[in-house]
Every structure is written in C-alpha cells, then in structure tokens.
Amino acid sequence: MKKYKKTHAFLFVLLLHHSLGQSDYAPYFFDNGPSSSSGNMALFSISEDTPVGTQVYILNGTDPEGDPVRYGLTFEIGSTEYFRVEPKSGNVTLIQELNREKQDEISVTVSITDGRNKVVETVRVFVTDANDEPPEFQNLPFIVDVPEDTTPGSSIYRVHAVDKDLGSGGSVSYYLQSSPFAKFTIDGHSGILRVKPGEILDYETTPTHFVTVVAKDGGGKYKGKHQVLTSTATVTINVLDAQDMPPSFVGTPYFGYIYEVSVPDSEIYTVSAKDGDQGNPNPIHYSILNGSDGVFDINSTSGCIYLTTPPYLLKNELYEIRVKASEVGPDNQLLDYDVTTVTVRVVDLNNHPPTFYGENGPQSKFEVTMYEHPPAGEILRGFKITVNDSDQGANAKFKLRLVGPSRVLRVVPQTVLNEAQVTIIVEDASGIDYEKGPTLSFKLLAVEIDTPERFSATADIVINLLDTNDNVPVFTSEYYIVRVPENSPGGSSVVSVTANDPDSGSWGEVKYTIYGSGSDLFAIHPSTGLIFTQPWTSLDAEMRSKYNFYVKAEDSEGKYSIAEVFVSVLDMNDHPPEFDEDFQEKTMIIGTPVKVQAVDEDAESPNNVIEYSIMTADPDNAFDINADTGEIQLKPFIKSMEIVQNITKQKDCKWSLVVQARDRGSPSFSTTAVVNIDITEATPLKGPMAAFLMKSRDNPLRALGLVSFIILVLVGVTVLISTVMYMRNSKSNRIMPVRRIIKRRPRDGQTWKFKIPVIKLSSPAEKFLISDPESSPSQETSSPRLKPPPPIAPFLPPPPPANIRANERPRAVPTISGALTSKALKKTKSCRRKEGNISSALVSELKMKLEQKINENNQGLY
C-alpha cells in the first residue's frame, strides 16, 4: 500500500514538473583539490614573496543550464583585501603584499552566479613561508664585565638570536667577525662566548674589548633565488682590573736643588707613584732606602723629601737618594714596590750678572778704526774683549749676540760658561761700506740662559771706517735722448749728463769725455758734463738728422762708466718748394689731367708737404688743380674742342696759368711756375698697344722700356735659332759631306706680320693718334727687300727623285738687330726731379724700324 502511495507521489511530481516546464538549477564551483590553481580556492596556498600584480588563481565553475556565470571575491569588513577577481574570466590577482610572519592564513568569500542564482562559499587561503626575515638578537645591548684573570677557554656570555622564518630559514648559527687581535671565540650553535684558549686579558693594556657577533640563518628561497640573511651585534666586554701590577713612579727622573739660603725642613722634592692596577688601586707607602747620609727624610704618605740640617753642614755638592714606593694591602702589609733615584744638587745662588772686561778692567764701550770692505771671515783683531760671570754652574751660563745691521758681523762663542774671550768676525763685507756710513754701531749682549733672574750685560761696539776707491762713476741714465732744433748757433747747449761717484776726496771727482762716430760736431765740459755743439758748426736736418755718440765718466784712478747719447735734429722750415722749371709746356687731352710737381728739400712733415693752387689762369675759371697731387684738369663743363674754341679764338688752343706750390711749415714758403697747356682732343685708340701708350703718355720712358724689351726678346730668339741651325749644319757636315740644297717657293699670302701701331708726330695733338700699319702700304715698300744668301754647307747625297722639288729655295735664318738711344735727362740738385717730356718721335721711329725688319724676314724665300 505504501509502495503504491510513493509511486503515485512520484508520478504527481513528475506530472507537475512536466506541466510547469524545465526546472532552474544554481551554478556551482569545480572542486579540483588544494593542489590545483583553478576551482573555488579552497585550501589554496600562496608564497609570501609572490609579487603584487601576479595572477595567482582562476575561479572555475559552471551552470547546469549552461548559462554564463560571473565570479565574486570579498573579505571580512576591516580586514586587508589581498586579492581581486575578474568577474567574467575568474582570474584572481594579488593586489597587496603578503607577510606570513604577520598573517599566515587569509579568509576569503568567493561567489558564483548565473544572474538568477548565486552560490557563496567561504574558503581559507594559506600563506607559505619564504626566507625574508633576518635573525634578530634578543636582550640588546650586550655588555659583559670580565675579570682580567679569567681562565682562557672560560665561558663569559651567551648571545641569542631568533629568526621568524620556518624551516632552514628559521635556524640560526653564530660566528665572530675576524680580527687579527681577537681574544674571544663563540660556539656556532649555542652562541656561548668564551675567552680564546691561549689568550689572557690585561686591563692595563686593553680595558675594553668590542666583539662583533654575526647571526646567520640556514638560507632559503626568496623570489626564486636562494638567500642567506645575517644580522650583527656588538658585545662590549669590560675587563675588570685585578691586583697583578706593581706600583710605578710618575715623572721620572727626579732632580732637586739645595740653595745657600735653604733652612732645615725645607722641601727639596716630592716624588709620586701610582698602583699599576688602576681599576682598584692600593695606597702607596714611601721610604728612603739609602743615599741620604742622614741629612734628608721623606714623608711616607705624600712622598715629600725635605732637608733635616742647615746647608752649610752639607759635605757633598751632589746626593743620589734611592726612594722606595710600596703598595699597602688590606691588612696594612707592604706588597709590590718600585724603586727610583732622586738626584739632589747643592747650587749657588744667581747673584752676579755677566760683565765685559777690556785691557784695563770692566768696560762698556769698545771702539776700532779700519778700512771698508774687509774680506768675509776676517777677525777684527782691534777688539780685546773678555766676558765673565762669577756665579757657579748653571747660573754662570749665558749667551752672546750682536744687535745691529743684520748678518754683517757675528760673535764667537755664542754660549759661554763662566768666562770666555770674545771674537768678532766679518760675515758680510758689503755691509761694511764707507759710502753707507763712516761709522757702524752694534750692541754686544750677554744674557743668562737657564736662570729665573736672566741677568744680562751690554757693551757698545763702534767701528770707524776709512774710505777706499771701490766705486765707479755711475750715470743717472744709461741713455740720453735729445731733440735739438736745426740751424742752432754754434756752441748751443744740447744736454747735461751727470755721473755720480760716491767715493770721497779725489776718488769721487768725475771727468767727462765724448767719443764715437757722431761726436765730431759736439763737445763736452769735462767737469759739469754739459754737451754743446762745436762753435764752428750748425746742425742741418736735411744733411743729417740723427747723431749718436758715447759719454765716458772717469775718476782719478781710471775707473769709468759709459752712457750713450742720441741727438735728433728737429727740422725747421728753411727750404721753399721748387718746380722742375719755372716755365713748363704741357699737352692736355680733354678729359685727361696733366701734372706739375714741386719738391721741398725740408726733412720732415709738415715742412716738406706741398699744397698746389692756381694763382691766375688765361682764360680764367677754366682749370681745377688737385691740392695734394698737382694734377691739373679742365673744368667739368669743358668736354670737347668746340667748347674750347668757343672760349678762345686761337687755332692752336694754347692756354696758360700760374701754379703756386706752398709748403705747410711755419712760416710757410711758396713758389710759382708758369704752365702753358696745349689743349687737344684725342682720337679713340684701339688695341692693347694704344691703351698702353695712353697710360704712358706722361711717362714716355715706360713706353721706351717696353719697346726695348721686345727688341731684345726678338734678338735673343734670332740668336737662338741661328745657333741651332749652325749646330745642325755642323753635325750634317760631319756625317754626310755632300748636301743638296732644296729650294722652295714662298707661300702665297702667308707672310708673318707683327702689327704695331705707328705714332705720327705731324702736330702736338697727333702724338696720341695711332694708325694701322695695314693702311700704310708705303711703309712696307719704303725699303728694298733683302734676300740673305743661303747658308754655306757641303753638298749632301742626292735624295730620292720623288722628293726633289726644283722650284724650292733654301730657308734663310732671319736676324734682327736694333739700337736704342735716349736723350740725356736733366738732373736737379736733390736728384729727385725727372724729365717732364721725351720726344715721342723716337718711339715712333723705333717701332717703324722693328716693323720693317719683321716684314723683311717674312718675305724671305725658303
């Protein structure tokens, strides 16, 4: 019956499900186990050294209906959020740094939803250890007190360090940093610190030791690498002093003194001793072992040695007292001890100062007379000085020194005990100079050295010097530069030179003389040094403007010095300007200037600087002149011969003007010249030769020189060709004794012509006109054509018949010869003037001859 009812219920549910459609199931996570990196993160483990931002897990689940799912991840309120999930992919990323030592387990709530149903699970994530924590020492600082008599190998302290890591990274071992003077060792496992076997501690040598202990873990993985971490700590070990050192005296050696005024019970000296164990010292007891001879005693507690009898009863001058210092133990027994010696000297009181003595007893001033400049190291034997101190011992010890001009004299000896003979020696002879002063004064001091009173004595040392002729006259200047106006009358003063001789008497008198190539026109006063011109001379800057000579200053024994004198003669304006000629003829082409020139024979500017000006002109206002160069040119409005002929009715067109040349000196001089100018108009020139002649119209010597050069070049070429032909013919004569002369016809229309422009001189204006030689055939035929004979040579063997030409004539070697003459130039007084005009006909004639020679050579038959 029950089975029947269950069947009906199942059928009812099935029918209900079928009637309502398909059911909606919740999504769920896959459970892949703790070792998987995907699922629901249950029992998931992550290392604490995982870098932030790393994807550490994938949440993975599904929905039974196959709907897409989304993932969620949350933490408890107030806790740190270490992870973040991407809702769609389920990728879980670390967003916060992990630290196992602070939190080794993380509670995380994960969820999965299909949009309608949501499944939430709380899981635990475990943080695994990484070796990221170094060992930490406990109970710092480490300070240990150890007695210095501790047995070697004994334990003195135990250090302890803890490492929070797990496994090998949490194990700790110990060791000490190495040191060459280490007196301790440590157990690597327990950390127990011991005194190293064989080593002892010494408070007196090293009261404190500083030991560095290193704690090291066992190492482990950190971020994929093996890592070992260490920590260090310093252990301060204070060594406690033990009673193992005897006492020792401080401040040895000891010296005491007894003076003649001392009384019984006077303190002589106080000794002091200290226990060698400074950490826990014992009191000291003092006693005298021997050497006191019954006249000294000592305070057993303070160590003060004192006199027990009056000083006059003392039998010795020196006592050596042996003093003992003993440690006092706890029961007042005397323990370890030390012994020292105290030296006591009986001394005299310092009640006598040093005293200087001469030949007649005590003396405070010593004087001597001598010549200047004695040799260095010489002893001044004129002094008889003795110094004495009547005290005894250290009270009679003193020093001697000289006070005065530095390093001139020195005294010997410098340290004296009781008494000494004083010697004074020359150290610097240049300091003993009569010219610097006839008397030298010094102070001789004697000062006690080691006495509190420091008594002293003083004596005056006076040296009277005698002069010698040890100096030469010295000019006040090595050079004397003087400027003297020209035309000064004879006997005029030029300059006064001065030489000083510091010697005295006749040695200091100076005599002057002059000599040298420039001294003939000058004289000097032998006593005053005044230089003046000779009475019969007058200086002229135009003749000679510079003089130099030497002045000699000499004393009575012939010692002398020399100075040089330079005399410059100042130019005065004493020459007027001068033209080459007072009446000059010039030819001017319109547009081209002509030049006049004057010379001023003064030597210097501005006396020889000339300014040109036009005084009068006919016609007036037709010319301009350059004030500096003297170039004369027509006014700008005069541009053609028509304008010139409108101004003047003369056919020759000759104008005249008066030109003044004035210098710039003070006072100023001037001179005039009449210049007649032939005005003409030039025909346009052609060719390079014409251009050259135009440029050389004011300098015909230049054109003549060029023509001469061309002729010489042609003559040289002719001589060279003739020589070559001669050498060729001579060689042919030696090889082939017979030679046939081949005659050739002259080539038609191929003559060599050297075109040179010809200058016509029919009128003054035509000297600048050039005609073409081709247009003047009369010049080519004006002279007969010369046919030079063929060269004489032996006959040659006949050549092959095919090459024989009967109508050919032998080639003649052309030669050119020429002579050049020139008109003598007029020379002026100053040799600076040039000839103004040279006949241009000479140039034309020479060029015509040159053209004739060239034409003759071209027409020669070969």
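Residues numbered from 1 in each chain as written. Predicted model: local features only at pLDDT ≥ 70, side-chain atom pairs only at ≥ 80, totals over all residues. Heavy atoms only, no water.

**Student:** Honestly, the overall build of the chain in this entry has me stumped. Any pointers?
**Tutor:** Of regular secondary structure, the chain possesses six helices and 60 strands. Considering only contacts in the chain between residues 6 or more positions apart, those separated by 24 or more positions represent 67%. Working note: accessible area of the chain is about 50,000 Å², and carbon and sulfur atoms make up 53% of it. (Helix = DSSP H or I, 4+ residues; strand = E, 2+ residues; numbered from the N terminus. Contact = heavy atoms within 4.5 Å. Areas by Shrake-Rupley, 256 points an atom, 1.4 Å probe, with all protein chains shown as cover.)

**Student:** Even after reading the chapter, I still don't get the side chain of N282, so can you show me in this structure?
**Tutor:** As for its placement among the helices and strands, N282 is situated in the loop between β25 (273–274) and β26 (284–290). You can call N282 buried: its relative accessible area is 18%. Polar contacts involving the side chain of N282 include one to the side chain of E327, which spans 3.0 Å. The contacts of N282, once residues within four sequence positions are left out, are Q243, D275, E327, V328 and L335. (Buried < 20%, exposed > 50% of the residue type's maximum accessible area, 1.4 Å probe, protein only. Polar contact = N/O pair within 3.5 Å; in protein donor to acceptor, adjacent residues only side chain to side chain.)

**Student:** How should the sheet that holds strand β27 (residues 296–298) be read in this particular structure?
**Tutor:** Strand pairing in a sheet relies on backbone hydrogen bonds, with the paired strands running either antiparallel or parallel. Across the sheet, which stays open at both edges, the three strands sit in the order β24-β28-β27 with antiparallel pairing between neighbours. Looking at strand neighbours, the two that pair on one side only are β24 (267–270) and β27, the edges of this open sheet. The average undirected angle you get between the axes of adjacent strands in this sheet is 20 degrees. One ladder, built from three bridges, connects β24 with strand β28 (residues 304–307); its direction is antiparallel. Considered in β28, the bridge of T270 is made with C304. (Pairing = 2+ DSSP bridges. Axes fitted to C-alpha atoms, helices over the stretch in contact; angles between N-to-C directions.)

**Student:** Sorry if this is basic, but what is going on with the nonpolar core here?
**Tutor:** Soluble globular proteins tend to pack their nonpolar side chains together in the buried interior. In terms of nonpolar packing, the biggest core is built from 29 residues, with F356, L409 and I463 touching the most fellow members. Of all the elements in the fold, those that place two or more residues in this core are β33 (365–371), β34 (385–388), β35 (397–403), β36 (409–412), β38 (419–426), β39 (439–448) and β40 (456–466). Ranked by the residues each element gives to this core, the list is headed by β40, at five residues. If we skip the residues at most four places from it in the chain, I463 touches V368, M370, L380, F383, L409, P438, T439, L440 and F442. (Core = buried A, V, L, I, M, F, W, Y, C linked by side-chain atoms within 4.5 Å.)

**Student:** For this particular structure, what's the right way to read the sheet that holds strand β43 (residues 493–496)?
**Tutor:** Taking strand neighbours across the sheet as the criterion, the three strands line up as β43-β47-β46 in an open arrangement whose pairing is antiparallel. Edge positions in the sheet fall to β43 and β46 (522–524), since each of these pairs with one other strand and no more. With direction set aside, neighbouring strand axes in the sheet form an average angle of 25 degrees. Bridge count for β43 against strand β47 (residues 530–533) is three bridges, and the pairing is antiparallel.

**Student:** What is the right way to read a nonpolar patch on the surface from this model?
**Tutor:** A contiguous nonpolar surface patch, about 410 Å² in accessible area, is contributed by F255, Y257, Y259 and V261. Among the structural elements, Y257 can be located in strand β23 (residues 254–258). (Patch = residues over 30% accessible without salt bridge, like charges linked within 9 Å, V, L, I, M, F, W, Y side chains within 5 Å. Salt bridge = Lys/Arg side-chain N within 4 Å of Asp/Glu carboxyl O.)

**Student:** Even after reading the chapter, I still don't get the confidence of the model for the chain, so can you show me in this structure?
**Tutor:** The predicted coordinates of low-pLDDT regions are not to be read in fine detail. The predicted model of the chain has a mean per-residue pLDDT of 79, with 80% of residues at 70 or higher. The weakest mean pLDDT in the chain belongs to helix α5 (residues 777–780) at 36; the strongest belongs to strand β45 (residues 511–515) at 93. The low-confidence segment residues 16–21 (pLDDT under 50) makes two contacts with residues lying over four places distant or belonging to another chain. Confidence drops under pLDDT 50 across residues 746–839; counting only partners more than four residues distant or on other chains, this segment forms 162 contacts. (pLDDT = per-residue confidence, 0-100.)

**Student:** Please clarify how unusual backbone geometry should be interpreted in this entry.
**Tutor:** Between V412 and P413 the backbone carries a cis peptide bond, its omega angle lying at -5 degrees. Summarising the element assignment, P413 is placed in the loop between β36 and β37 (415–417). Here the amide bond leading from S666 into P667 is cis, since omega sits at 0 degrees, within 30 degrees of zero. We note that N139 has phi near 65 degrees; this positive angle belongs to a residue other than glycine. Inspection of the secondary structure puts N139 in the loop between β11 (136–137) and β12 (142–147). Of note, N418 is a non-glycine position whose phi angle comes to about 75 degrees, a positive value. One can find N418 in the loop between β37 and β38. Its relative accessible area of 25% is what places N418 among the partly exposed residues.

**Student:** Before we go on, may I ask you to explain the packing of aromatic side chains in this structure?
**Tutor:** Working definition: an aromatic ring pair is given by the centre-to-centre distance plus the angle between the planes. Taken as a whole, this structure holds 16 aromatic pairs when the rule is applied. With a centroid separation of 6.2 Å and 80 degrees between ring planes, the pair formed by F249 and Y254 is classed as edge-to-face. One exposure class covers both F249 and Y254, and it is buried. Put simply, the rings of F137, F142 and Y157 touch in pairs and so form one group of aromatic residues. (Phe/Tyr/Trp six-rings, centres within 6.5 Å; stacked < 30°, edge-to-face > 60°.)

**Student:** Honestly, the pattern of salt bridges in this entry has me stumped. Any pointers?
**Tutor:** Oppositely charged side chains are able to pair whenever their charged atoms sit close together. Under the counting rule described, the total for this entry stands at twelve salt bridges. Between E611 and R664 there is a salt bridge; the shortest N-O distance is 2.8 Å. Of this pair, E611 sits in strand β54 (residues 610–618) while R664 sits in the loop between β57 (654–663) and β58 (670–680), and the two are 53 residues apart along the sequence. In this structure, a network of salt bridges that share partners links the residues D67, D114 and R116.

**Student:** Any chance you could explain the pairing of β23 here in plain terms?
**Tutor:** It is a general feature of regular strands that their side chains alternate between the two faces of the sheet. Side chains Y254, G256 and I258 of β23 all project onto a buried face; the interleaved residues F255 and Y257 project onto a face where none is buried. As judged from the five bridges shared by β23 and strand β30 (residues 334–346), these two strands associate in the parallel manner. By the bridge assignment, I258 is partnered in β30 with V346.

**Student:** What is the right way to look at the environment of L400 in this model?
**Tutor:** Along the polypeptide, L400 turns up in strand β35. In sequence terms L400 and V422 are 22 residues apart; their C-alpha atoms lie 8.8 Å from each other. Excluding residues that lie within four positions of it along the chain, L400 makes contacts with F356, V387, V411, P413, Q414, V416, V422, L445 and A446.

**Student:** Before we go on, may I ask you to explain the environment of A499 in this structure?
**Tutor:** Inspection of the secondary structure puts A499 in strand β44 (residues 499–500). In this structure A499 comes out as buried when scored by relative accessible area, which is 6%. Residues A499 and T528, spaced 29 residues apart in sequence, show a C-alpha to C-alpha distance of 9.7 Å.

**Student:** Explanation requested: the environment of Y257 in the structure shown.
**Tutor:** For Y257, a relative accessible area of 40% puts it in the partly exposed group. Between the C-alpha atom of Y257 and that of L318, which follows or precedes it by 61 residues, the distance is 9.2 Å. Beyond its immediate stretch of four places on either side in the chain, Y257 contacts I268, R345 and V347.

**Student:** It is not clear to me how the side chain of S326 should be interpreted in this structure. Could you clarify?
**Tutor:** In this structure, S326 sits in strand β29 (residues 318–328). We classify S326 as buried; its relative accessible area is 2%. Here S326 is in contact with P283, I284, H285, L334, D336 and Y337, once residues within four sequence places are set aside.

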